Amino acid sequence: MASNKVPEGYDPLVGLMEDAADGAHQFEVAIGLKQNLEANIRIDLERLAGTPATPGLKEAWNAAKANKTAKTALLRSAESNGRALAMVCINALKPVLGNKWNSQCNAAGFTDSALEVPRNPLTKLQQLRGYYVANPTREVADINGFACTATACEAAAQAISDAQEASNLSNQQAGAAKAAREAGINAGRNRMIGLRTELEQLLAPNDPRWLAFGFALPGQPGPPHVPANLVVAPGAAGSGSL
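Residues numbered from 1 in each chain as written. Predicted model: local features only at pLDDT ≥ 70, side-chain atom pairs only at ≥ 80, totals over all residues. Heavy atoms only, no water.

**Q** Is there a simple way to think about the overall build of the protein in this case?
**A** From N to C terminus, the protein includes 6 helices and 2 strands. Secondary structure of the protein in N-to-C order comes out as α-α-α-α-β-β-α-α. In terms of overall size, the protein is more extended than a compact globule, its C-alpha atoms giving a radius of gyration of 32 Å where 242 residues would be expected to give roughly 18 Å. Overall, the protein is about 90 × 65 × 30 Å in size when its C-alpha atoms are taken along their principal axes. Put simply, the protein has 242 residues, and 34% of those count as buried. (Helix = DSSP H or I, 4+ residues; strand = E, 2+ residues; numbered from the N terminus. Rg over C-alpha atoms; globule rule 2.2 N^0.38 Å. Buried < 20%, exposed > 50% of the residue type's maximum accessible area, 1.4 Å probe, protein only.)

Listed below in structure tokens is the structure:
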């Protein structure tokens, strides 16, 4: 017998709900539907798939994912720009502080016994800013397009901070959009499961009105099982068959 399993995927579920709403529009009065009327189905369907004026939950999730990707790229760009500035600044200070790390480098923010700039150079830029404020004569306005100044280090640090905040928010929004989509799918599946159960009480297994709701006739044989572990063997020589 046909199982009429309610799909779990977004696209086939929306298709089933569309059919179910149309079927309810035609037959809910005639067959006596009580719990899963067209209006109920369309409310869950519109929440999930949206309307011309309101994006659906899948569209909202896709938009949130795209925004998350864009905000992550902006953060990586801000960090990369900040690292480049910090490296130019430390190279410009080496004639003063030394070519290798020493205790004088602490004042420029390199307090971990090394002159490497980390992937996220926010704190290094903030400490370089402080160094330039305390030692304004060490500032250089232009080194191959980079301004090794307190103002430039502050701007680069702030750009990273702003990008990090935007990235964090986009992550939260993407998570919320995904959760909303999953909740919408669950609500839609529950509605279709409820409709199927109600139709089982109201329609005979071979009543053709099942088809109007997007379901197969429960009284008809279901599709055959897909065979597994098939082995293909060649036919007789010259037969061109397997």
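**Q** How should I be thinking about the packing of aromatic side chains in this particular structure?
**A** Two measures describe an aromatic ring pair: the distance that separates the ring centres and the angle between the ring planes. For the structure shown, the criterion picks out 2 aromatic pairs. On the basis of an interplanar angle of 70 degrees and a centroid distance of 6.0 Å, the ring pair of Tyr131 and Tyr132 is categorised as edge-to-face. Centre to centre, the rings of Trp210 and Phe215 are 6.0 Å apart; their planes meet at 80 degrees, and the pair counts as edge-to-face. Like Trp210, the residue Phe215 is buried in the burial classification. The ring of Trp61 has Lys65 lying over it, and the distance from NZ or CZ to the ring centre is 3.8 Å. For the cation-ring pair, Lys124 lies above Phe110, with the distance from its terminal atom to the ring centre recorded as 5.4 Å. (Phe/Tyr/Trp six-rings, centres within 6.5 Å; stacked < 30°, edge-to-face > 60°. Lys NZ or Arg CZ within 6 Å of the ring centre and 35° of its normal.)

**Q** In this structure, what is going on with the environment of Arg196? I would like to understand it.
**A** Residue position: Arg196 is located in helix α5 (residues 150-202). Separated by 49 residues in the primary sequence, Arg196 and Ala147 place their C-alpha atoms 69 Å from one another.

**Q** Help me understand the packing of helix α2 (residues 38-49) against α5, please; the structure alone is not making it clear to me.
**A** The axes of two packed helices give the description: the angle between them and the distance between them. Running from N to C, α2 and α5 point in directions that differ by 160 degrees, and their axes come no closer than 9 Å. It follows that α2 is roughly antiparallel to α5 by the angle criterion. α2 and α5 meet at a crossing whose hand is left-handed. Here α2 contributes Asn40, Ile41, Asp44 and Leu48 to the contact with α5, which in turn contributes Arg181, Gly184, Ile185, Ala187, Arg191, Met192 and Leu195. (Axes fitted to C-alpha atoms, helices over the stretch in contact; angles between N-to-C directions. Parallel < 35°, antiparallel > 145°, perpendicular 65-115°, else oblique. Left-handed = near helix turned anticlockwise from the far one by under 90°. Contact = heavy atoms within 4.5 Å.)

**Q** Help me understand the side chain of Arg189, please; the structure alone is not making it clear to me.
**A** Residue placement: Arg189 occurs in helix α5. As a buried residue without a salt bridge, Arg189 has its nearest oppositely charged side chain in Glu8, at a separation of 4.4 Å. With sequence-adjacent residues up to four places away left out, Arg189 is seen in contact with Val6, Pro7, Glu8 and Leu13. (Lys, Arg positive; Asp, Glu negative; His and termini not counted. Salt bridge = Lys/Arg side-chain N within 4 Å of Asp/Glu carboxyl O.)

**Q** Just to check I follow, could you spell out the nonpolar core for this structure?
**A** For soluble globular proteins, nonpolar side chains are generally found buried alongside one another. Counting 26 residues, the largest nonpolar core has Phe110, Leu125, Leu128 and Tyr132 as its most contacted members. Mapped onto this core, the elements with two or more residues apiece are α3 (57-97), α4 (122-134) and α5. With 9 residues, the single largest contributor to this core is α3. If near-sequence neighbours (up to four positions away) are discounted, Leu125 is found in contact with Gly82, Leu85, Ala86, Cys153, Ala156, Ala157 and Ile160. (Core = buried A, V, L, I, M, F, W, Y, C linked by side-chain atoms within 4.5 Å.)

**Q** Quick question: what am I supposed to make of α2 here?
**A** Three or four residues apart is the spacing at which side chains of an α-helix point the same way, because the helix has 3.6 residues per turn. Between the first and last C-alpha of α2 there are 16 Å, a value that for 12 residues agrees with the 16 Å anticipated at 1.5 Å per step. Listing the buried residues of α2 in full gives Glu38, Ile41, Asp44, Leu45 and Leu48. End-on view of α2: buried residues confined to an arc of 135 degrees, all on one side of the axis. Facing away from the buried surface of α2 by more than 90 degrees, the exposed residues are Ala39 and Arg47. (Expected span 1.5 Å × (residues − 1). Arc of directions from axis to C-beta.)

**Q** Honestly, helix α1 (residues 10-31) in this entry has me stumped. Any pointers?
**A** Within α1, the axis deviates most sharply at His25, by approximately 50 degrees. Against the buried residues of α1 lie α2, α3, α5 and α6 (209-212). Taken from the residues just after α1, Gly32 is the one with a positive phi, measuring 80 degrees. (Bend = angle between axes of the 7 residues up to and from the residue.)

**Q** Explain the pairing of strand β1 (residues 140-143) here, please?
**A** The side chains of a regular strand alternate, first on one face of the sheet and then on the other. Inspection of the sheet shows β1 paired to strand β2 (residues 146-148) by 2 bridges, in the antiparallel sense. Across the sheet, residue Ile143 finds its bridge partner in β2, namely Phe146. (Pairing = 2+ DSSP bridges.)

**Q** Got a minute to help me understand the packing of α3 against α4 in this structure?
**A** Remark: α3 packs on α4, axes separated minimally by 11 Å, with the N-to-C direction vectors making an angle of 40 degrees. By the angle between their axes, α3 is oblique relative to α4. In terms of crossing hand, the pair formed by α3 and α4 is left-handed. Together, Gly82, Leu85, Ala86, Cys89, Leu93, Val96 and Leu97 of α3 and Leu125, Leu128, Tyr131 and Tyr132 of α4 make up the contact between the two elements. Here the residues of the contact of α3 with α4 are counted per class, giving 10 nonpolar, 1 polar and no charged. (Nonpolar A, V, L, I, M, F, W, Y, C, P; charged D, E, K, R; others polar.)

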